[in-house]
Amino acid sequence: MARLVEGRAGLTDRVKISIADYAVATEGLLTTSGLGSCLGVVIFDPNTGVSGLVHPMLPSQDEGGSRPPERFVDSGIDLLVDELLAAGADKSALRAKLTGGAAVVDFGTDGESIGDRNIATARETLSSLGIEIVGEEVGGDCGRTVHVDAETGTVTVKRTDGVETEL
Amino acid sequence: MQIDIDSLETYNALARDGAQSAAASLSQLTGIDTHVEVTNVSLMTPSDLEFEYVGGEFSGVRIELGDALDGETLLTFDEEARDVIAETLAPDGTERLQESSIKEVGNIMTSGFIDGWADHLETTIDISPPTFLSGSGTDVLAASAAAEDEQVFVFRSRVESAAEAIDFHILFVPERDSLIEALGPTGEESISFEKLEVFNEMTKHGAEQAAENITTMTGLETDVEVNRMSFVPIDDVPAAVGDRRYIGTVMEFTGKPSGYLVILFDHPSAEAIVDALVPMETDGNWSEMEQSAVKELGNIMTSGFIDGWANVLESSIDHSPPEFVSDMGSSIMSPIVGRMARTQEHAFLLDSMIRTDDDGTFHCEILALPDESELREVLQDLLVERADRTHVDPSEVF
């Protein structure tokens, strides 16, 4: 569900993104919370000042057939890039920041956790699109809340253990 | 009386669209951007409904529906939302003027909510003039709903704004027969309403057993306050649990059905449990000993809960050792939902809330997420007359 926030001041300058959801904006804040094994993938164009945030849950759309693209890291990133270009971003200027991918629950039997696989898929997908990852706060075992300043692409990550990082 | 689960999905989607339409109306009227956090359809007793409105003051409107779909909708704003709306639409207005602004906004939003249902049913739905309501708990709840003890379907949407706290809830309680008629003809995959009721009752007994286990272990007097079975789009499950911080355990169960059981205590409750179970001073940092106390309690609560299911379903259900968790509710749910989302689009979320009788300071949520298709299968085979066999002998558990 894309919501482009443009030129609206005051109370509307903040957009909350749920799981399997994304938004693109040129100003204000994009926020998402409750990032456990899910990823918060931020892609932005620092020159035109447009940013996008997608909150996917699973690595690859192969696992889900015809399901919503925003739910998966690979198809979610593709979708976000399309929306950013439609909002005026320049493809060669796009940069990415990755957050999330924690192992909040240790299932023990899985081998690689969903969080780890999400991170690996994001790196692969972004690399294949030629988008450089310029910041990361991923892995570990804590949930995260993420705020993105849409104009600058600055990302603030708050972990539930109290650690706050700016990317 | 059969329920077609697939058409329940359709109606849940209509409720979500309706909530989005109501949110859009609010944004147009006030300039505040709002966002539908979660929509689900729950089966619950009317007496559990009043807990929707506990813990704060609410204002809004009640509108009765007629014709193609009988029932009522309650659209309520929390206190902050009411103030923001009243100040935006009736600045410096009298209380009466502010009340009528809430009524007007509520009326417009409810119309938006209902339109989608009417379109889907290709008919009109009559709506009554709005009745203003305010207060908490039973003050808000419709008297007619509170009086009966028959389980009802409740469509619930929670809408939030990121910038300002103008959260609102829409509840739609259709009359049961009217909803079933609207859901249309049922196919082979349908489940009898009675079996859903029995399963919900059975889960309540499981939660009561788990509450008793808390009391036995810790001496804290507890009771099951709310019990409901919700049918939730899989992506909405973490938001349904919310961003509140919890301490608890996650267990995977295997058998028919398989799934996950998540037991979450808020921080003061987890501390009370650890105080009761660990005989020495603790520093509140969840040491190994404190974690194992929480896990031990989780283990015993799970046994009480799951064994009740197994007895009624005549199946064998095992569970993994509990895994300790401490995080936001939504973060805890995300890897579980990630695993389930590989094979299902909707989840049956069985949610029981355990509180202390007197002051309500103790708060524990038991969330069971059985595999959807396996649950459908076991419900098909469920013999309603076994419904009373949920009792588990504590000596088998301890």
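Residues numbered from 1 in each chain as written. Chains lettered and ligands numbered in written order. Predicted model: local features only at pLDDT ≥ 70, side-chain atom pairs only at ≥ 80, totals over all residues.

Q: How do you make sense of the overall build of chain A when you look at a structure like this?
A: The number of helices and strands found in chain A is two helices and 11 strands. When the helices and strands of chain A are listed from N to C terminus, the series reads β-β-β-β-β-β-α-β-α-β-β-β-β. Relative to its 167 residues, chain A shows a buried fraction of 51%. Counting contacts in chain A only where the partners sit at least 6 residues apart, residues at least 24 apart contribute 61% of the total. (Helix = DSSP H or I, 4+ residues; strand = E, 2+ residues; numbered from the N terminus. Buried ≥ 20, exposed ≤ 12 C-beta atoms within 10 Å, placed from the backbone. Contact = placed C-beta atoms within 7 Å.)

Q: Would you explain the overall build of chain B in this entry?
A: Within chain B one finds 13 helices and 16 strands. When burial is assessed residue by residue, chain B has 51% of its 398 residues classed as buried. The long-range share in chain B, meaning contacts at least 24 apart out of those at least 6 apart in sequence, stands at 77%.

Q: How should the packing of helix 9 (residues 267-277) of chain B against helix 10 (residues 288-313) of chain B be read in this particular structure?
A: Packed helix pairs are characterised by how far apart their axes lie and by the angle those axes make with each other. Residues and elements named next belong to chain B. In the contact formed by helix 9 and helix 10, the axes pass within 10 Å of each other and the chain directions differ by 100°. Taken together, the axis directions place helix 9 and helix 10 in an arrangement best described as roughly perpendicular. Contacts from Ala270, Ile273, Val274 and Leu277 in helix 9 reach Glu290, Ala293, Val294 and Leu297 in helix 10. For the contact of helix 9 with helix 10, the class distribution of residues is seven nonpolar, no polar and one charged. (Axes fitted to C-alpha atoms, helices over the stretch in contact; angles between N-to-C directions. Parallel < 35°, antiparallel > 145°, perpendicular 65-115°, else oblique. Nonpolar A, V, L, I, M, F, W, Y, C, P; charged D, E, K, R; others polar.)

Q: Would you mind going over the sheet that holds strand 9 (residues 144-149) of chain A with me for this structure?
A: Hydrogen bonds between backbone atoms are what pair the strands of a sheet, whose relative direction is either parallel or antiparallel. All names here are of chain A. With mixed pairing, five strands are arranged side by side in an open sheet as 2-4-9-10-11. Each edge of the open sheet carries a strand with a single partner, namely strand 2 (14-16) and strand 11 (164-166). When strand polarity is set aside, the average angle formed by the axes of neighbouring strands in this sheet is 15°. Where strand 10 (residues 154-159) and strand 11 come together, three bridges link them in antiparallel fashion. The residue bridging Lys158 from the neighbouring strand is Glu164, located in strand 11. (Pairing = 2+ DSSP bridges.)

Q: What exactly am I supposed to notice about the interface of chain A and chain B here?
A: The parts lose accessible area when they come together, and the size of an interface is often stated as this lost area. With 29 residues of chain A in contact, the opposing surface of chain B contributes 31 residues. Within the residue set of the side of chain A that touches chain B, elements represented by two or more residues are strand 2, strand 4 (29-35) and helix 2 (114-128) of chain A. If one sorts the elements of the side of chain A that touches chain B by residue count, strand 4 of chain A sits on top with four residues. Class assignment for the residues of the side of chain A that touches chain B results in 13 nonpolar, 10 polar and six charged.

Q: Would you explain the confidence of the model for chain A in this entry?
A: Should pLDDT be low for a region, the predicted coordinates there are not to be read in detail. Chain-level statistics for chain A give a pLDDT mean of 88 and a share of 89% at 70 or above. Here residues 4-11 of chain A is modelled with pLDDT under 50, and outside its nearest four sequence neighbours on either side it reaches 15 contacts, counting other chains as well. (pLDDT = per-residue confidence, 0-100.)

Q: Could you clarify how one ought to interpret helix 3 (residues 79-89) of chain B in this entry?
A: Working note: α-helix, 3.6 residues per turn, so residues spaced by three or four point in the same direction. All names here are of chain B. All of the buried residues along helix 3 are Ala81, Arg82, Ile85 and Ala86. Down the axis, helix 3 shows its buried residues gathered within 125° of arc, on one side only. Contacts from the buried residues of helix 3 go to helix 1 (5-30), strand 3 (58-67), strand 4 (71-78), helix 4 (95-121) and strand 8 (168-174). (Arc of directions from axis to C-beta.)

Q: In this structure, what is going on with unusual backbone geometry? I would like to understand it.
A: Omega for the peptide link from B:Lys256 to B:Pro257 comes to 0°, which places this bond in the cis form. With respect to the secondary-structure elements, B:Pro257 resides in the loop between strand 11 (245-255) and strand 12 (259-265). In this model, A:Ala20 sits at a positive phi of 55°, which is unusual for a non-glycine residue. Within the secondary structure, A:Ala20 is located in the loop between strand 2 and strand 3 (22-25).

Q: So what exactly am I meant to see when it comes to the domain arrangement of chain B here?
A: All names here are of chain B. Once the domains are mapped, chain B shows domain 1 (2-183) and domain 2 (191-397). Look at where the C-alpha atoms of domain 1 and domain 2 centre, and you get two points 29 Å apart. Each partner contributes to the interface: domain 1 provides 17 residues, whereas domain 2 provides 20 residues. The set of elements that each furnish at least two residues to the side of domain 1 that touches domain 2 consists of strand 1 (2-3), helix 1 and strand 2 (35-44). Of all the elements, strand 2 adds the most residues to the side of domain 1 that touches domain 2, at eight residues. (Domains from an automatic or database assignment.)

Q: What exactly am I supposed to notice about the pairing of strand 14 (residues 323-328) of chain B here?
A: A regular strand carries its side chains on alternate faces of the sheet. All names here are of chain B. With respect to burial, strand 14 is a largely interior element, five of its six residues being buried. Alignment of strand 11 against strand 14, held across six bridges, turns out to be antiparallel. In the sheet register, Gly248 faces strand 14, and the bridge partner there is Val325.

Q: Would you take a moment to explain helix 2 of chain A for this structure?
A: A rise of 1.5 Å per residue sets the reference length of helix 2 of chain A, with its 15 residues, at 21 Å; its end C-alpha atoms lie 21 Å apart and thus fit the reference within 8%. For helix 2 of chain A, every residue scored as buried is listed here: A:Ile114, A:Gly115, A:Arg117, A:Asn118, A:Ile119, A:Thr121, A:Ala122, A:Thr125 and A:Leu126. The inward-facing, buried residues of helix 2 of chain A contact strand 5 (39-45), helix 1 (73-86), strand 7 (95-100) and strand 8 (132-138) of chain A together with helix 11 (329-340) of chain B. (Expected span 1.5 Å × (residues − 1).)

Q: What is the right way to read the packing of helix 1 of chain B against helix 4 of chain B from this model?
A: All names here are of chain B. The N-to-C vectors of helix 1 and helix 4 enclose an angle of 145°; their axes lie 8 Å apart at closest approach. Relative to helix 4, helix 1 is oriented so that their crossing is right-handed. Counted together, Leu14, Asp17, Gly18, Ala19, Ser21, Ala22, Ser25, Leu26 and Leu29 of helix 1 and Val105, Ile108, Met109, Gly112, Phe113, Ile114, Asp115, Gly116, Trp117 and His120 of helix 4 form the full contact between these two elements. (Left-handed = near helix turned anticlockwise from the far one by under 90°.)

Q: Got a minute to help me understand the pairing of strand 7 (residues 152-160) of chain B in this structure?
A: All names here are of chain B. Among the nine residues in strand 7, seven count as buried, and that is most of the element. Inspection of the sheet shows strand 2 paired to strand 7 by nine bridges, in the antiparallel sense. Paired with Asn40 across the strands is Arg156, a residue of strand 7. Of the strand pairs in this sheet, strand 7 and strand 8 are connected by five bridges, and their pairing is antiparallel. Each bridged residue has a counterpart across the sheet, and for Phe155 the counterpart in strand 8 is Phe172.

Q: Even after reading the chapter, I still don't get the environment of B:Met301, so can you show me in this structure?
A: Residues and elements named next belong to chain B. The residue Met301 is located in helix 10 in this model. Sequence separation between Met301 and Glu212 is 89 residues, and the spatial gap between their C-alpha atoms is 8.6 Å. Each residue touching Met301, except ones within four places of it in the same chain, is listed here: Ala210, Asn213, Ile214 and Ile263.

Q: In this structure, what is going on with the environment of A:Val146? I would like to understand it.
A: Residues and elements named next belong to chain A. Relative to the elements of secondary structure, Val146 occurs in strand 9. Along the backbone, Val146 and Thr156 are 10 residues apart, and their C-alpha atoms lie at a distance of 5.7 Å. Sequence-distant contacts of Val146, that is, excluding residues within four places in its chain, are made with Thr31, Thr32, Leu35, Gly40, Thr99, Val155 and Val157.

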